[in-house]
Amino acid sequence: MSRLPIRWKLTLAFTLALTIVLTAVGVFLHFQLSTDVDHEIERDLRTRAAQLSGLLMREPISSLPTAAAEQLEPDETIAQILTPTGGVVAATAYADVQLLTPEQLRDAAVDEVFVDRPGDQQLDESLRIFAMPVQARDETFIVVVTDSLDERSQTLTSTLGVEVVGLIAALIASCVVGYWVTGLALRPVEDLRRRATSISGHDLIDGDRAPLPVSPVKDEIGRLGDTLNDMLDRIGQAQAAQRDALEQQRQFLADASHQLRTPVAIIKAEVELAQAGTTKGDELQAAMTSIGEETDRLSRLTEQLLLLAAADEHQLSLSREAITLRGLLDEVADRARGRAQLQGRKITVESDETTIVADRQRLEYALGNLLDNALIHGAGDMSLVGEHVGDAVTIRVRDHGTGFSERYLAHPFVRFAPTSSTGRGTGLGLAIVHAITEAHGGVVSVANDVGASVTLSLPTDPARPVAVPGSDPTAPAGASDQERQWSSH
């Protein structure tokens, strides 16, 4: 049964249900017919018994017919007038046949009795016997009349045959009609299947596919069509996001390769010059210094890539401890002040003594990256502002430069994304800030406020992450899935 097509399953279920209904109706009609025939026989027997009783009361007993007479019953049924002891007073036929047993005679002497007598050697036909007491001439007589049951049996048998034939014909017709109606009902499903087979992967990605045909009636088939269309839309969106993610990954690998290739090329050139023996004294010292700087640059880039890889796998470990917000910002500002003074710029810190539980080293690294970006791409003085707002702590890093480009603000945490119209990129700095903040259960937002402004929102309680602002396009930590994939490749 489980291997049958659904069309045949529905057809068989329809046929089975119709079989049960028709059988029940046939049994009821057959029972009703049998009851009606029995009532008709009993009514006829009562009528004949009443006629015989009237004859008994009007005529003298000596003038009643004998066993061979036919005045009482012109047909071939039997009629008898008996005494309570069973003696035959008069009979139309078979006067020597005892129709009632002694027990039945006793009952008939008191009240009316209906008895069915099967055929035997004396009487071939099965009979229905009606016996009733009659008072005549100050005596009690028993009037007995019979009717054949063979015609009843023939009538019921023929009717049963017609019912069986009709039932078989109705079932055959129901199978044909059920199969046709089921096919008609499943036609929309077949249309959905046929249309779905013509949809290719490119149709899903491009988003220009024609929707599956949907019934205008919101029934099960209509809801199935809507669900399949929604599912195909989601698959198309997921494939488009995957394609964009792969493209971003390829771009990231190209940018990362370029970033790695530059320090390696410089180191190789400096080493070759040193090995050539043409550099001496101060030039050799400068070459060694350059090699050291490029080695540090290469080391930092490697560490950043490892950190982002751990964040992508949700394996970025944190060593949480209680730290004061003011102390954290002062430490980060002190490390960057030397470079800022060389550029004639200042770093100010504004914060209270709020305590948070976080990984101090990771946060110092993230804030240090923000100051590095501000020193490289920004202009003017810089500020670190920390404050306690509700269940979160916000840290804002701001400069007074030209700010971020509109292109960058659309996807602020794409790795190596350009920060301004000059085309210079952030490298991995803001991507790392995003990864570290998200690992703490916080969110990051970027904006243009006088200059570039980056805000970190960190929970004071690690067990209660900061709510993600779903409607803010500059808060990618909780923005779209596509931006999440951009920021993870």
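Details of the structure are given in the entry above.
Residues numbered from 1 in each chain as written. Predicted model: local features only at pLDDT ≥ 70, side-chain atom pairs only at ≥ 80, totals over all residues. Heavy atoms only, no water.

1. Digging into the overall build of the chain
Formally: Only DSSP runs of H or I with at least four residues qualify as helices, and only runs of E with at least two residues qualify as strands; both kinds are numbered from the N terminus onward. We call two residues contacting when some pair of their heavy atoms lies within 4.5 Å. To be clear on the numbers: accessible area is Shrake-Rupley with a 1.4 Å probe, and residue cover counts the displayed protein chains and nothing else.
Summing up its helical and strand segments, the chain has 11 helices and 12 strands in all. In the chain, of all internal contacts separated by at least 6 residues, the share reaching a separation of at least 24 is 64%. Only carbon and sulfur atoms are counted for the fraction: they give 56% of the accessible area of the chain, which is about 27,300 Å².

2. What to know about the sheet that holds strand 7 (residues 347-350)
The strands that make up a sheet pair up through hydrogen bonds in the backbone, lying either parallel or antiparallel. Let me state the cut-off plainly: When DSSP finds two or more bridges between a pair of strands, those strands are recorded as paired. In this description, a line fitted to the C-alpha atoms serves as the axis of each element, helices being fitted only across the stretch in contact, and the angle between N-to-C directions of two axes falls anywhere from 0 to 180 degrees.
Reading across the sheet, the five strands line up as 7-9-10-12-11 and stay open at both edges, with mixed pairing between neighbours. Where the open sheet ends on each side, the last strands, each with one partner, are strand 7 and strand 11 (443-449). For this sheet, the mean inter-axis angle between neighbouring strands, taken without regard to orientation, is 15°. Sheet analysis places strand 9 (residues 382-389) next to strand 10 (residues 392-398), joined by seven bridges and oriented antiparallel. Along strand 10, the bridge assignment pairs His-388 with Val-393. Helix-sheet contacts for helix 7 (residues 325-342) involve strand 7, strand 9 and strand 10, and the interaxial angle to strand 7 is about 175°.

3. Observations concerning the packing of aromatic side chains
The condition that has to hold: Here a Phe, Tyr or Trp ring, Trp counted by its six-membered ring, pairs with any other such ring whose centre lies within 6.5 Å, and the pair is stacked when the planes are under 30 degrees apart, edge-to-face when over 60, and tilted otherwise. When a residue's accessible area, from a 1.4 Å probe over protein chains only, is under 20% of the maximum for its type it is buried; when over 50% it is exposed; and in between it is partly exposed.
Counting across every chain of the model gives two aromatic pairs. Centroid distance Trp-8 to Tyr-179: 4.9 Å. Interplanar angle 45°. Geometry classified as tilted. Within this pair, whereas Trp-8 is found in helix 1 (residues 6-58), its partner Tyr-179 is found in helix 3 (residues 150-197), the two being separated by 171 residues in sequence. For the ring pair Phe-114 and Phe-130, a centre distance of 4.6 Å and an interplane angle of 35° mean the geometry is tilted. Here Phe-114 is found in strand 3 (residues 113-117), whereas its partner Phe-130 is found in strand 4 (residues 127-136), with 16 residues between them in sequence. For Phe-130, a relative accessible area of 1% translates into the label buried.

Keep in mind these values describe shape, not function.
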